[in-house]
Every structure is written in structure tokens, then in C-alpha cells.
Amino acid sequence: MQKNRDTKLENGYVIGNGQVLITAGLGVEIQRHGKPVLTDHPCSKTAVAAVSGPDYVCNNLAFGFTIEAQEPWTEERAGMPDAECAFYHVLCQGREASVRVEDGVFVSDSVWIRTLRSTAALAVRVRIEADPRNGEFLWWEGTPVEPESELYAPSVEPDQFVQVQDEQLIFQGAPRRLFQDISNAYCYAGKPRYLAVQCNAPVCVDPTGFRLQLEPDHPVSLVSCLSLNREAASASAAQLAKLSSDELQRRCLRKQQDRFLTPRALPSDPLVKILQGTEDLIQAVTAANGAGLAQSFIYPMNYIRDQYGIFRFHQQCLNHSEMKRICQTYLDFESQFGIQNAYDPITPQRSFAQQPFPPMSTEWEKTELPSYINLFVLDYVQLTQDLDFAAEAYPLLRYNVLCQSLSEASLLSGSGDETYVHISGLGKEADFTDSCFLYLKNCQGMTELAEKLNQNADAALFEQRLAQVSEALVKQNYCQEGQYFQISQSQPDWISDVLLMPYWINMNEPWKRLGRSGVERVKKEAVRPYRSRNREDRCTGMMPAMLLSALCQLKDPAMLEVCDDLGKMASPFGLFCEYYQLQEKTMIGYSGGQRPWESACAASALIEMLAGMKMNPITRTLTLNIHVPPSWQGFATRWIELFDGSEIKLDVTLHHLTLTRRKAEKSLQLNGCWHAFQGVKTLRGEMMNQWECSDSEFMK
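Residues numbered from 1 in each chain as written. Predicted model: local features only at pLDDT ≥ 70, side-chain atom pairs only at ≥ 80, totals over all residues. Heavy atoms only, no water.

**What to know about the overall build of the protein chain**
When you go through the protein chain residue by residue, the secondary structure sums to 15 helices and 34 strands. Per-residue burial over the protein chain gives 63% buried out of 700 residues. Partitioning the contacts of the protein chain with sequence separation of at least 6, the portion at a separation of at least 24 is 65%. Accessible surface, the protein chain: about 26500 Å² in total, of which carbon and sulfur atoms supply 49%. (Helix = DSSP H or I, 4+ residues; strand = E, 2+ residues; numbered from the N terminus. Buried < 20%, exposed > 50% of the residue type's maximum accessible area, 1.4 Å probe, protein only. Contact = heavy atoms within 4.5 Å. Areas by Shrake-Rupley, 256 points an atom, 1.4 Å probe, with all protein chains shown as cover.)

Below you can see the structure in the form of C-alpha cells.
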């Protein structure tokens, strides 16, 4: 997929509403276990590779919906939502006509609409295939669950996969969950799922699909309804098939009309695609509880660590309402199930404030993951000063510091599941620098929060832990000769992702100063080709984004080059893989091509470079650090709600900057810089309703 500029492969897309997710496009093969892989075998761009969802209505079931004409298409091209088409689509070009295939998902129901629009009269076949593995109920590694297991769910026989009922095709599949027993998902052994498909026009139907006649100006839609109940799926499809295609699409989620940032740049610009593609992906994978799924297929669960990418995106957008929803969700999960690596989004949720305390003890609470939950809350409170919420969450936050296990050397181990761990070959080392960084950030924030909440004894305890781990980490894992933090005491090597962590999680200045040489090492030794580990030409999908964020905070001009690299690594839809490997002087992505975690990391770092917006509610200071990429003419944000209920909007061109504010009762202090090719303009002063400046005021 990342070879899109050199080969015929083109990335697919993900659409969804947090209940049902569709992964479509070229070159995606669903494996028996593990993650989707990329192939170079011929594949129609109209093929749907997977249908899954966080409510497990179809639960990792795979179906193919391929549009075929009598003669093969001369060209197929996938397209993002744009001014001409509000949906993800594929344009199929034939000798007789061209057909646009538009995909949409209902706003709140598990309904997927595929609409065909033809420029001329044309007979087509919609070939629908069910993955034969839909009948299996498998463990994570791909082995079947034995019948005697309490988690066993009966398989569906192949002759029951698809049945013709009147004008419908009804597919049945067992819940091929591929769950991990490390999550609470294993508690929910599934039942058979049903997919009812019907067309809103006259068709000939057989077990392989539909044959229909397309006419110009008369769009035809396939309605797919997903349910745990066969009769309900069938009735819903029959009812919706009475509606016109335009009526059906009015009920679908369209592209986000009110995006956080509108670039003044060509739609084909790779940076534009990163921002827009990621925002669409976040919308698709965000479940009703506000938490994001780790991936549209295989991982339709809420992973704590993976959530940080999406959380960071909302943080850079100053979107405190979404940040709070994420905080509440993971606190609810923890209070009900203890700290787990991942949670099933359909789990009945109850407010953490109404749960017994302390939470269930688990193996995952010993390191790293509790720090991420606290990091969510501490960052949200820092942006809003919502001390009422902090006080309500405080018992869990305190527990999340004290439940983590320090070694005899006063260090923390790794969880063994960080992305770069698989590159480094590390296991759960007894001392893991990355986990220590997270813990130190945790202790620092909790010390400050405890003081604000008058928990003085706790503040002293957290401060003591902060000093204890700080001293041990520098003494044992800081390489004085090389001026960098090594992975662990037993691994005196460096990992780029670890070296960048002090900036990525925004540790306090002493740690950033100590980590500055690590950023320089990454710049000099781990860029072009990007590498997460010394001497290896591969990296994690988030590592370049972590570097861009660090360079933004350091105001290093190299950020523009790294930003350009991100654009080259992104897929045609602006999305990112889990890993990248150097092949023929190009970083090629592998292991999942539409990952919300890595994609959101890239988009958040890009927003940090573009606007650099930070809000200090205590001093009422808004900080901006604005850069316009060389290929852009500027950008504008949407209205952004601040902690005090007022809203701001930023509009930047190459020659003029306007910051507008509404619903304001008190003034803000403005601080920062505006960078462009003309020079630098310092932004400093008091602002009530509007602030403007032009390039004529630039300091040369």
C-alpha cells in the first residue's frame, strides 16, 4: 500500500460509525489469525475486505462485495470524500460507461449502504462472497476453541453461510472473535450473526449475488443490515430497500463538514490527506463510549495504549470534551474489570464513581498501563482545571501510582507489548526505560494534583517516588559516554521511540533537557532511513511522528523535512502502518495499513507543527507556534471551545493572521510566534475578541 507512487497497489479505506466498520480496497488479505496483510495479487478496488464492529454485530466476519461488468473495468480508482462526492468511493471506468461505487454507514445503526451510479445503461453483477472461516470460532493464535471449553460457540456449517430469501441474501456466521484472553472480551462468548442484503431496484438474485441493470441518473443501492437476529436483519433490509438511494444516503455519515483544520492547499497534498484521512478514521473507529478501536479488523477492542494516539489528536485540537469522554471510559473499565490490556466495547459499563473500590487486581496493573490511564486524566485536567472531575477520579488515580511494582533497583519492567519491543527483541525486562518515563510523568502530575486537592500526605509520597525512580533511572540506564538513555540495563543500546518519549508525553523541562541529546542522536542516526533500533532499517509507524513532535517543541527547523517524510510514508488515504521497512530506498509499511494509533500520532504531530496550540487555564494564556508548510497557502481552524466556554478560531494565510474569539467574558493572554518564509512575528499581548497581524509587521 505504501508503494502507491511506484506500483499498481492502492490503499483501501475504512468507513464506520463506531458500531459497524467496513474495510475496503485493493490488496488486503484477511488471514486466519494475526493482522491483515498486503498482497500484490490482482484484486478489484470495489472488493470489501472485511466487515467488523465494536458491538460485534458481525464480529470480524469477512465478506466480499465486488462490482463486475460484462467486460473487465479498464480502470478502478479509489477516492476520498470530496466536493463532488460526500462518501468514500471507487470510480470504475469501462468502455461503455463509468460507475461510481459509494460507501456509507448509517449514523447510529449497523447498516451499510453501497450505492452505484452509472453514466450509461449497463448490466452489472454484484458478486458477494463469504469468507469460509466465518464459520469458525478461534483463539487468538488461530486454533479452534474446543467444544468442551466454556467459551465454545457452535460453528456454522458452510451450507448455512448464505441463503436466498425472496429478494434477499442472508449470510450467517459464527463470531470469529479471535479474542485475546488478556482482555475482558473473553467473558462474552458470541452467538451467530446475520447479514441481510437487499437491493432497492429490481434484481435477479442467486447465492453468489445480484444481477441488475444500471441506468444513468437512477442510482441503485445495496442495503446491508447486521443483527444478532435473523428476522430483525431481514425485516430491516426489506424496509430500507423501499427507499431511494438519495434517501438512504441522507441517513449515512458523510465526511466531516466541520473538520478541525481546513488547509489552503491542493486536495492531493499528502499532508492534507493525513489530516483528513485520520479525522475520518477516528470518526469511524470511535465507539459509542468515546474510546477508539485499535484497528478496523482483528482488533475491534479498546486498547489502553493504542488510545493515546487518538487522545493526543484531540489534545492538540484542544478538544477537551472528547478527552474527558476517553478518561471516563477507561476509568469505568478499570473500576469494573481492573487494569486490562484491552476492553470489549460492548461491555456493560457503569460509572467508575458507582463501583466498589479498590478495583480488581490484575497482572497488567504492575507497569505502564496504569500510567497511561492517569496520563489521560492529568492531561485533561491540565487543559481544563476540572478539579471536580479530578477529585472524583482521585482514588483510582492514586491506586494507579501505587499498584505499579518497583524492582529492587527502583525501576519498572515493560509490559512486553509496546510496538518497538517486537523490533528490539526485548521481553519483559526487569528495568525498562520507557515504563520508567511514564511512571515519572505520572508521579510528577499526581504530586501537583494531590497538592491542589489538599492530599498533602499523598503529594509527599508521590514526590518521594518521583525522586526514587529518577535517581535510579539516571544512575543505571543513562549512558554517560553516549549521552542517551539505553533501553534497559541489560540492553545497552538505544531505541528511537524511547529517546523521544520525554517530549512525546511532555515530561517536565529537566527531563527534556536531559533527553535533548537523544533527540539529536535520532536526527543524526535514525532518519532517512528511519530506524527505531540502531543498525536496523525499520521503524515503528509512530516513530517519525514522535520525532516531529520533539522537533516542534525544540523549534528545530528540521521539522519541515520530517513533515515532508511523513507525507511520503502515508498511504494515498493519509493513513499509517504499524511498522516500516526500508526497501529499495523507500520506507514500505507493513502489518496493518489503516491503524488509528499510528495515523493519529502522525496527524497530532502535524497539527502541533501547524498551530502549536496550548492553553494554560490558570494564567489564561493561549500559546501559538504557527508554521505554514511550503506547499500550502495557509489554513483555518474550526471554532474551538476553551475551558471557560469561549471559542476561538484561527485563520492564517501567507500574509495575514486573524485570531477571532466569541462568547468571551474575560480576556486571554496571547503568546507565541508565527513563522513563514518572510520571517517571524512574535505574538504577545492581551486579547478579548480579535487579534490580527500581517506580514508587513514581520521582524526581518
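Here the narrative resumes, following the displayed structure.
**Examining the environment of Ala-353**
If you trace the backbone, Ala-353 turns up in the loop between β20 (342–343) and α6 (369–384). Linking Ala-353 and Leu-396, residues 43 residues apart in sequence, is a C-alpha distance of 9.6 Å.

**Some words on the sheet that holds strand β23 (residues 538–540)**
Spatially, β23-β24-β25 is the arrangement adopted by the three strands of the open sheet, whose pairing is antiparallel. This sheet does not close on itself; its edge strands, each paired only once, are β23 and β25 (586–590). Across the sheet, the mean angle separating the axes of adjacent strands is 30° when strand polarity is ignored. (Pairing = 2+ DSSP bridges. Axes fitted to C-alpha atoms, helices over the stretch in contact; angles between N-to-C directions.)

**Topic: the pattern of salt bridges**
In total, this model carries 32 salt bridges according to the counting rule given. Ionic pairing is found between Lys-324 and Asp-386, a salt bridge with its closest N-O pair at 3.4 Å. One end of the pair, Lys-324, is in helix α5 (residues 320–337); the other, Asp-386, is in the loop between α6 and α7 (387–402), with 62 residues separating them in the sequence. Close ionic contact of Arg-538 with Glu-536 constitutes a salt bridge, the shortest N to O distance being 3.1 Å. Among the charged side chains, a salt-bridge network with shared partners connects Glu-68, Arg-125, Arg-127 and Glu-129. (Salt bridge = Lys/Arg side-chain N within 4 Å of Asp/Glu carboxyl O.)

**Let's talk about the sheet that holds strand β11 (residues 122–130)**
If you walk across this open sheet you meet the four strands as β6-β11-β16-β15, and the pairing is antiparallel. Taken across any chain shown, the strands that pair with only one partner, and hence form the sheet edges, are β6 (63–69) and β15 (204–206). The sheet shows a mean angle of 20° between the axes of neighbouring strands, direction not considered. The sheet contact formed by β15 and strand β16 (residues 209–214) spans three bridges and is antiparallel. Note on β16: the bridge partner recorded for Val-205 is Phe-210.

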